[in-house]
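Read off the chains here:
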Amino acid sequence: MRQPLIAGNWKMNGTRSSAEALMKAVLQGTSAIEKSEIVVCPPFPFLALGEQVLGASAVRLGAQNVCTEASGAYTGEVSAQMLAEFGCHYIICGHSERREHYGETDAIVAKKLALTIDQGMTPILCVGETLEQREQGRMEDVIAGQIDEIINRNTIASFGQLEIAYEPVWAIGTGKTATPAQAQAVHNFIRRRIADHDPAIAAKVRILYGGSMKPGNALELLSQADIDGGLIGGAALVAEDFLAICQAGGTAAG
Ligand code: PGA
């Protein structure tokens, strides 16, 4: 049984005071939610605040990105070691917004995953297809390519130390959600792809769904056999909505 993981990706939103209020509300609200593992990923400047507010609580801290290099002359970048020092447990790697706006390739994502794991943290590896790729019938090839590149570069063993988020690009921030059946089909495809290399790792790896998950659709999505949690954008900015999704994770876990 894989414990549901609900992670909030706050993206580039909020102020110092709104971030603090949101962290406190999540912390308070989650004390009653036992079955889901809960993570918040605020922007970099709010991580120190996150470490203070969340402390050793059950709500874990994550970052949205990390540098491909360990240290040195990389102006504007943040290293995995720094993120670990500020209490991060998770790092989102290869989000489609980074792939699209900042040219992140699978080779770059592979380096970020390796550094994250080296520093004792857990990457959340994002994969997913665009609408155009889906309509051209290339969805499985695209996702298989993203997974295979990581297997080739970082070995299958790295999948024993990470989480995957399947995020159909056309569903992110659009209000369009993959149907539970559509999402389940892709999650199952991803798990089978990993099982071809290592069935034990495939059975264990958590595959989160991301893309307009909301309180109204979370339970149905999270009840699918291969959906083990959610990577939540917009709804993670509203404590009540995020907590309702965390609750749905607990309910789906039974
Ligand atoms: P969304 O974003 O929930 O706003 O669609 C999800 C994500 O990008 O992680």
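The structure under discussion appears in the preceding block.
Residues numbered from 1 in each chain as written. Predicted model: local features only at pLDDT ≥ 70, side-chain atom pairs only at ≥ 80, totals over all residues. Heavy atoms only, no water.

### Let's talk about the overall build of the chain
- Along the backbone of the chain there are eleven helices and eight strands.
- Taking 2.2 N^0.38 as the reference for a compact globule, 254 residues should give roughly 18 Å; the C-alpha atoms of the chain span a radius of gyration of 17 Å, in line with that estimate.
- Along the first, second and third principal axes, the C-alpha set of the chain runs to 45 × 45 × 35 Å.
- Going through the 254 residues of the chain one by one, you find that 52% of them count as buried.
- Nonlocal contacts in the chain, meaning residues at least 24 apart in sequence, comprise 72% of its contacts between residues at least 6 apart.
- Only carbon and sulfur atoms are counted for the fraction: they give 51% of the accessible area of the chain, which is about 11200 Å². (Helix = DSSP H or I, 4+ residues; strand = E, 2+ residues; numbered from the N terminus. Rg over C-alpha atoms; globule rule 2.2 N^0.38 Å. Buried < 20%, exposed > 50% of the residue type's maximum accessible area, 1.4 Å probe, protein only. Contact = heavy atoms within 4.5 Å. Areas by Shrake-Rupley, 256 points an atom, 1.4 Å probe, with all protein chains shown as cover.)

### Some thoughts on the site of the ligand
- Taken together, 13 residues lie near the ligand, and Lys11, His95, Glu167, Gly173 and Ser212 sit nearest.
- The separation between an oxygen atom of the ligand and a polar side-chain atom of Glu167 is 2.7 Å.
- For the ligand, whose accessible area on its own is 280 Å², the fraction buried by protein is 97%.
- A class-by-class count of the residues in the shell around the ligand yields four nonpolar, seven polar and two charged. (Near = heavy atom within 4 Å. Polar contact = N/O pair within 3.5 Å; in protein donor to acceptor, adjacent residues only side chain to side chain. Nonpolar A, V, L, I, M, F, W, Y, C, P; charged D, E, K, R; others polar.)

### Some words on the side chain of Ser96
- Structurally, Ser96 is set in helix α4 (residues 96–101).
- Assessed through its relative accessible area of 14%, Ser96 is described here as buried.
- Those residues in contact with Ser96, other than ones at most four positions away along the chain, are Val169 and Ile172.

### Focus on helix α7 (residues 139–154)
- With 16 residues, α7 should cover 22 Å at 1.5 Å per step; its first-to-last C-alpha distance of 23 Å lies within 8% of that length.
- Regarding α7, the residues found buried are Met139, Val142, Ile143, Ala144, Gln146, Ile147, Asp148, Ile150, Ile151 and Asn154.
- Buried residues along α7 sit in contact with α4, α5 (106–118), β5 (122–127), α6 (131–135), β6 (163–166) and α8 (180–195).
- Phi for Thr155, located one or two positions after α7, is positive at around 75°. (Expected span 1.5 Å × (residues − 1).)

### Regarding the packing of helix α10 (residues 215–222) against helix α11 (residues 239–253)
- Following both chains from N to C, one finds α10 and α11 inclined at 20°, their axes separated by 9 Å at the closest point. Classed by the angle they form, the pair α10 and α11 counts as roughly parallel. Every pair of crossing elements has a handedness; the one defined by α10 and α11 is right-handed. Here Pro215, Ala218, Leu219 and Leu222 of α10 lie close against α11, whose contacting residues are Asp241, Ala244, Ile245, Ala248, Gly249, Thr251 and Ala252.
- Residue classes in the contact of α10 with α11 are distributed as eight nonpolar, two polar and one charged. (Axes fitted to C-alpha atoms, helices over the stretch in contact; angles between N-to-C directions. Parallel < 35°, antiparallel > 145°, perpendicular 65-115°, else oblique. Left-handed = near helix turned anticlockwise from the far one by under 90°.)

### A short note on helix α2 (residues 47–54)
- Those residues of α2 not exposed but buried are Leu47, Leu49, Gly50, Val53 and Leu54. Across the axial projection of α2, the buried residues extend over an arc of 150°, all falling on one side.
- Contact partners of the buried residues in α2: α1 (16–30), β2 (37–41), β3 (59–63), α3 (80–85) and β4 (88–93).
- Positioned one or two residues after α2, Gly55 has a phi angle of 45°, which is positive. (Arc of directions from axis to C-beta.)

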